[in-house]
Structures are given as C-alpha cells and as structure tokens.
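# Descriptive analysis of the structure
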Amino acid sequence: MPYQNRRSSYAFFILIFVAIKLGLNLLAIAHFGFHRDEFLHLVLADHLDWGYKEVPPFIAILAKISSVIFGDSVFAARIFPTIASGFIVWFTGLITVELGGRKFAIALACLALIFAPAFAASGYLFQPVVFDQLWWVMAVWLLTKYCNTSAVKYLYFLGLVVGVGLLTKYTMAFFTFALIIGLVFSKNRKLLLNRHMIGAALLALLIFLPNLIWQIQHHLPVITHMHNLREQQLDFIKPSDFIMQELTVNGIALFVWLTGFVFLLFSFRLHKFQFLAIAFVLIFTFLLVMNGKNYYLFGAFPMLFAAGGFGFERWLKTSGPALRGFVIAVFTIPNLLLFPLVLPVLPLNKTLAAFRIAHDKLSFLSFATRWEDHKQHATTQDYGDMMGWDEITANVVKAWNSLTPEQQKHTQIYADNYGEAGAVHHFGKQYNLPDVISLNSSFTLWAPDSLNAQYIIYVDDQGGGNIKTFAQHLESYHKVGEVTNPLAVEKGTGIFILVHPGPQLNERYSKELARKRLE
C-alpha cells in the first residue's frame, strides 16, 4: 500500500522483541568475568584522545561515561552493549516495516536475529563490534526511510550516523562504500546526485575529521594495525572457511536471511531497495578477498533478516496463524540449543557440558572452538579470554606485597600484552598498585620513556620464555606464580620479580618504544 496510507509503525509490537533481547542479555551479563578486549577498551577511558592504535575514540568516550555512571563491575561495563543490542532489534523491526512487512514479518525478522548465534555472541561484550552493528543497521533504516518519504532530514541523520560510525570502527567506511556502489548499480542512483546527499557526506567527514587528523599526526597507525592483523591472524583465514562460517554463524536463521537476500535482489515489490542486496554482495566479496573475520559482516545481516521476514510474509499471506507460528518456531527455536555456546547464560560446568555435546553431535560447529592457535579447545576463544585475569592480578599483588615499602617505591610493573596490562590496571586500583607498563597495542601511547626501576614485576605471557632473552641484563629473577586455569587463553602466563635490571634492559625497552610509536 502507499507509504502515507500505512496505519501503524508497529512500534509497540517491536518493543516486545526488544524486551526479549534485553532479558536474554541480562541473564548472561555478569558471567565469566571481563573479556581480554574489554580491558583494553576500559583502560582507554583513563587516556582520552581522538584516536588509538586499534580503534577510533568512540569506545573510549563510552567507557568513561560508563565508569562514571555505572561503576567498574562486569555488569556495569556491559550495560551500554546491552542497550545497543536492543536498538539493533528495534531498527531491524523498523526496517521490516519500511520494506512493507507487518506483524508476522516483524516477528520472524526480530526473533531470527535475537536467536542467531552471531548476534547472541557479539551483542553483550564491551567492544566496538556491537556499536558498529548498530550504526550499520541505523544507516540502512535511514536510507529506506528516505527512499519511502524523500524527506531530506533522513539524509543528514545518515551523515551523522556514518560520521559516528567511523569514530566507532573503520569498517563503517567499507559498508558506506558498498552502499554507494549499490546505489550506483540500482535504479536509485539518482539519489547520489542529491545535493543533500553531498551535505550529508560533508557532515560525516566533519565528524570524522578529528580522528583523521590524529591518525595523520601519529603516522597512520591504523595501517600498521591492519598489516599486523593480516599477518598474525587474517592470512590464516581461508576463503572457504569464511564462506562456511558466514553460512553457519546464524544457525537455522540462515534460511531467513538468504530468503531476504533473494527478495531484495529479485522481488518487484522491493525493487527500490535492490541496492541493499548489491551492497551485501560487495561487502561480502571484499571481506572474502581481504581474509576478513566472520564478525566483520554481522552488521549487514539485520537488513536481510528484515527482507526475509517480508518474503515469508508474502509467501504465507493466505495462511493461518498456526502455520505462521510453526514457521517462526522452526527458524528460531533450534538456535536456542546453541545459546550456551555463544552467550554465557549457564554456569561454567553446564556450559562445558554443552560444549562436549556439541563436539560429539554437531561437528560442523568445530570452528567455534578452534582458537587462533588453530587447535581445538574446550570452549570458544571468547570464553577462554574471560578467564585467568584474577590469577594474574592476584599474583601481581602477591609479588607487590612481597616487597618492602622502600622497595615498592622503586618498582615498576610490566606486562607483555594488553589483556594482562588491562587486567592489572583495572583490578590494581583497589590495591594502590603503580600503573602497569606495556609496549603492546595502545599502551605504547602513554608508556613512560624509560624503565628506571630497581625491581620490575613482570607478567610474561610465555611463562618465562621471554625472560631468557634478557636474563643476562638482570642481577636475578624469581617466579611468583602463573595462571593455572586450563580453560584460560592465558594458561601458563608467569609472574616474576626482576631484581636490579641493568641499563641494557632500558636501552632495549627505549628502542622498542621508539619503534612502536612510529608504527
């Protein structure tokens, strides 16, 4: 029917599914402890700037707001991601309405997204990922809204969303480019000639400009970060693995988004939104060629779920409520069986039992428990990255307390990676520990110019292997403890006290720091 004659935006109906999403997140919000990446993003709140080695500044600003308003607990850190997850469901419902869908289409689209493993796993941690997804889905809603109304205000809102999206995660640039190319090859190409679209682009650039200037001033660290990421992780991702993962990450909801993709591409009723299907093909192809991680594409799925809901509604328009309810159940309930594997809704022992069952019965999901070391483990790497941090901090505190007050005045703490450094920084505040030093990730931006301590509490992620490379520069060293949790990625990480390091160690540190700051 004509857009202006639609009787309802179904806002209250969509809120039902938002509430379901929020409720599920709240069941898991405080389980298993902080994730490695959460520590990095939380520490950025104490070093606010217009950019960092790996991420733009949005997550740091959000971390600051979160800590001031909600505190420093795991629950507090995950409040904003939970809210963002709710908004993703909200805008998925609104996109469905813009495509012409009604209640059945909304219910199928929203529930397929809520129970999809990809969105359960990525929607509760304090990381840029969930906010990146939110900006993608908002951008799509604004474009569909403009296509239906021709109201230029939606183009300027789009510019605002793209600008903030670029300050959240640089993948927003890839998606924006894909949407532009999609418009070029669709019947809506004239939209690009609209002077207001140019105004929206300038608004996005203005918002992003401070981070762009920061990047230039710091020798474009994003390029070095992507180069290192490609060498250390992305080059190991095979195109066949990427395709298989994208086909499985949403579980049974695969058939909903595939239906949506076909409808966007070929349905006459959705012909003016065909650019969305073209954009999906482009971003999928780009990530396939660039060996992208599977979650880079997640933000593009909500629009396909929305179109899929519309498609099934068209197919079942003369069917009764029983068949429609059955279809919704078929494409959502089976994914509930996968929930413990992607969202920590169960205690640890029951979660491990679920993984064992999955390993025995669902071998096609083996990629989920294959870590970056390319070995199979008892849990996903995300779960493994939530464990062991309390042991690291406890051993650092033990080392600190073993020193006399005079020795403590001349002691520094050094950690090999940002997870260890972030954990000691976050938990160490309550023990009045000195700030931890690291030359990994964004910690190099505020690292001191020299190691000038008489004692160093060292967190060695090789369990003592790294110390052997500079042991000759120490008077002595001894081990205080190590991470023993067999489920932790950090298992074997050792905590040592280095006694009277010589000047050669500081020279080594200074050279490494200078090199890292130029990257």
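For the structure, see preceding data.
Residues numbered from 1 in each chain as written. Predicted model: local features only at pLDDT ≥ 70, side-chain atom pairs only at ≥ 80, totals over all residues. Heavy atoms only, no water.

### A few points about the overall build of the chain
Of the regular secondary structure elements, the chain holds 25 helices and five strands. Taken over the C-alpha trace, the chain has a radius of gyration of 25 Å; the compact-globule value for 519 residues is 24 Å, and the two agree within 12%. Here the C-alpha coordinates of the chain stretch approximately 80 × 55 × 40 Å along the principal axes. Within the chain, the proportion of its 519 residues that are buried is 57%. For the chain, the proportion of contacts with a sequence separation of at least 24, taken over those separated by at least 6, is 77%. Counting every atom, the chain has about 22,500 Å² of accessible surface; 64% of that belongs to carbon and sulfur. Distance from the positive charge centre (40 side chains) to the negative charge centre (33 side chains) of the chain: 16 Å. (Helix = DSSP H or I, 4+ residues; strand = E, 2+ residues; numbered from the N terminus. Rg over C-alpha atoms; globule rule 2.2 N^0.38 Å. Buried < 20%, exposed > 50% of the residue type's maximum accessible area, 1.4 Å probe, protein only. Contact = heavy atoms within 4.5 Å. Areas by Shrake-Rupley, 256 points an atom, 1.4 Å probe, with all protein chains shown as cover. Lys, Arg positive; Asp, Glu negative; His and termini not counted. Charge placed at Lys NZ, Arg CZ, Asp CG, Glu CD.)

### Structural notes on helix α5 (residues 79-99)
Over its 21 residues, α5 runs 31 Å from end to end, which matches the ideal 30 Å to within 8%, given 1.5 Å per residue. With 19 of its 21 residues buried, α5 lies for the most part within the structure. Among the residues trailing α5, Gly 100 stands out with phi positive, at a value near 110°. (Expected span 1.5 Å × (residues − 1).)

### Side note on the side chain of Gln 245
With respect to the element layout, Gln 245 can be found in helix α13 (residues 239-248). On the accessibility criterion, Gln 245 (15% relative accessible area) is buried. In contact with Gln 245, not counting residues within four places along its chain, are Asn 294 and Phe 367.

### Considerations on a nonpolar patch on the surface
A cluster of nonpolar side chains, Leu 48, Ile 61, Ile 65, Val 68, Ile 69 and Phe 70, forms an exposed patch at the surface whose accessible area comes to about 550 Å². As for its position among the elements, Phe 70 is in helix α3 (residues 58-70). Its relative accessible area of 33% is what places Phe 70 among the partly exposed residues. (Patch = residues over 30% accessible without salt bridge, like charges linked within 9 Å, V, L, I, M, F, W, Y side chains within 5 Å. Salt bridge = Lys/Arg side-chain N within 4 Å of Asp/Glu carboxyl O.)

### Observations concerning the nonpolar core
In terms of nonpolar packing, the biggest core is built from 162 residues, with Phe 17, Phe 131, Trp 135, Phe 280, Phe 301, Phe 305 and Val 396 touching the most fellow members. Excluding anything up to four places from it in sequence, Phe 301 contacts Phe 119, Glu 246, Asn 250, Trp 257 and Phe 280. Counting residues in each nonpolar core, the second largest holds 16 residues, with Ile 437, Ala 453, Tyr 509 and Leu 513 among its members. (Core = buried A, V, L, I, M, F, W, Y, C linked by side-chain atoms within 4.5 Å.)

### A few points about the side chain of His 196
Looking at the element boundaries, His 196 is found in helix α11 (residues 195-217). Side-chain polar atoms of His 196 contact the side chain of Tyr 156, separated by 2.9 Å. (Polar contact = N/O pair within 3.5 Å; in protein donor to acceptor, adjacent residues only side chain to side chain.)

### Remarks on the pattern of salt bridges
For the structure on display, the rule yields 11 salt bridges. Across the salt bridge formed by Glu 406 and Lys 409, the nearest N and O atoms sit 3.7 Å from each other. On the basis of relative accessibility, which here comes to 46%, the residue Glu 406 falls in the partly exposed class. The class of Lys 409 is exposed, set by a relative accessible area of 64%. Residue Arg 517 pairs with Asp 449 through a salt bridge whose shortest N-O separation is 3.2 Å. Of this pair, Arg 517 sits in helix α25 (residues 503-518) while Asp 449 sits in the loop between β2 (436-437) and β3 (455-460), and the two are 68 residues apart along the sequence. Overall, Arg 517 belongs to the partly exposed group, its relative accessible area being 31%. Bridged by salt links that share partners, the residues Arg 36, Asp 385 and Glu 490 form one connected network.

### Structural notes on the packing of aromatic side chains
Overall, the coordinates contain 37 aromatic pairs when judged by the stated rule. Taking 6.5 Å as the distance between ring centres and 80° as the angle between the ring planes, the aromatic pair formed by Tyr 414 and Tyr 509 counts as edge-to-face. Taken together, the residues span a long stretch of sequence, with Tyr 414 in strand β1 (residues 411-415) and Tyr 509 in helix α25 at a distance of 95 residues. Taken together through their ring pairs, the aromatic side chains of Phe 242, Trp 257, Phe 261, Phe 280, Phe 284 and Phe 301 make up a single cluster. (Phe/Tyr/Trp six-rings, centres within 6.5 Å; stacked < 30°, edge-to-face > 60°.)

### Examining unusual backbone geometry
Even without a glycine there, the phi angle at Asn 291 is positive, about 55°. As for its position among the elements, Asn 291 is in the loop between α15 (274-289) and α16 (301-315). The backbone of Ser 441 sits at a positive phi, close to 60°, despite the residue not being glycine. Along the chain, Ser 441 turns up in the loop between β2 and β3.

### Points about the pairing of β1
Of all the five residues making up β1, five are buried; the element is thus mostly covered by neighbouring parts of the structure. Burial of the side chains of β1 extends over both faces: Thr 411, Ile 413 and Ala 415 are buried on one face and Gln 412 and Tyr 414 on the other. Of the strand pairs in this sheet, β1 and β3 are connected by five bridges, and their pairing is parallel. Counterpart to Ile 413 in the pairing with β3 is Ile 457. With two bridges joining them, β1 and β2 adopt parallel strand pairing. When the bridges of β2 are listed, Ile 413 appears paired with Val 436. (Pairing = 2+ DSSP bridges.)

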